[in-house]
Amino acid sequence: MKAMILAAGLGTRLKPFTDRHPKALAVVNGKTVLQRNIEWLQQYGITEVIVNVHHFADQIINLISASNGWGSNVVISDETNEVLETGGGIKKAGWFLQQDAISVVMNADILTDLRLDKMIFQHQQKRPLATLATANRQSSRYLLFEEDTVNGDLLKGWKNTKTHELKGMDAMPKAFSGIQVLSSEIFELITAIGKFSMIDVYLDLCRKHPILSFDHSESKLIDIGTMDKLALAETLFK
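Parameters at a glance
- Residues numbered from 1 in each chain as written.
- Predicted model: local features only at pLDDT ≥ 70, side-chain atom pairs only at ≥ 80, totals over all residues.
- Heavy atoms only, no water.
- Helix = DSSP H or I, 4+ residues; strand = E, 2+ residues; numbered from the N terminus.
- Buried < 20%, exposed > 50% of the residue type's maximum accessible area, 1.4 Å probe, protein only.
- Pairing = 2+ DSSP bridges.
- Phe/Tyr/Trp six-rings, centres within 6.5 Å; stacked < 30°, edge-to-face > 60°.

Peer 1: When you look at the environment of Ala 66 in this model, what are you seeing that I'm missing?
Peer 2: Here Ala 66 lies in helix α2 (residues 57-66). The sequence separation of Ala 66 and Glu 188 amounts to 122 residues, and the corresponding C-alpha distance is 35 Å.

Peer 1: Sorry, what's going on with the pairing of strand β1 (residues 2-6) here?
Peer 2: Regular strands show a simple pattern: their side chains alternate between the two faces of the sheet. Within β1, 5 of the 5 residues are buried, leaving the element largely enclosed by the surrounding structure. Neither face of β1 is open: one carries Lys 2, Met 4 and Leu 6, the other Ala 3 and Ile 5, and all of them are buried. Inspection of the sheet shows β1 paired to strand β6 (residues 102-107) by 5 bridges, in the parallel sense. Each residue of the ladder has a partner; that of Leu 6, found in β6, is Asn 107.

Peer 1: Is there a simple way to think about the packing of aromatic side chains in this case?
Peer 2: What characterises a pair of aromatic rings is the spacing of the ring centres plus the angle enclosed by the ring planes. Evaluation of the coordinates by the stated rule reveals 2 aromatic pairs. Relative to Tyr 44, the ring of Trp 40 has its centre 5.8 Å away and its plane inclined at 75 degrees; by these criteria the two rings are edge-to-face. Residue classification places Tyr 44 among the partly exposed residues on the basis of a relative accessible area of 22%. Residues Trp 95 and Phe 96 carry aromatic rings whose centres are separated by 5.6 Å and whose planes lie at 70 degrees to one another, so their mutual orientation is edge-to-face. Exposure remark for Phe 96: the relative accessible area of 4% places this residue in the buried category.

This is the structure we're talking about:
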């Protein structure tokens, strides 16, 4: 099984650190979040990883090389000419990810103790196009799911609680955690090109294909998007 770590973002909320470094190289208790996530994937037997880069790309590339991928085979998806957002970045890395029946994609700026093996097992059992890690926590933006205790909660829409923008059908809200398990078939169905959001892809495909929630509300999760949250991460992840 292969994985992708999305590390191309500008990290504007994490200034001043990101004025000189990529967000993926923010340090939590002596380890970059990139290293921590590569090692987290290793816990579940995933050692083939692709990392997309844009902002201070050379720093990520050089550290991966100097560290020998922290024991994993890490390849680079180069977006230095233009950051492609989540959907464009995942599509560009499709040549690597769709070599296996399923793959894992995650944001570089999160830390979690989510049981990835359980998420993968659910995906293998239910066989959706994608399984999205979600939790019952406060957010300004929610994915909306139709509750189904037999087949799994199905994605139906998206809502921004600040702007009241609604896409799709209003349903049970869950906060997306930035981790997804994908079936290789999804790459044949992504028609958008260039720069685009993967959430928009899911909202389009969920009309005809099952996209499920994996609720991990009991797990620790933090996105290190601000300096305050980076400090908090040091108390949660030793």
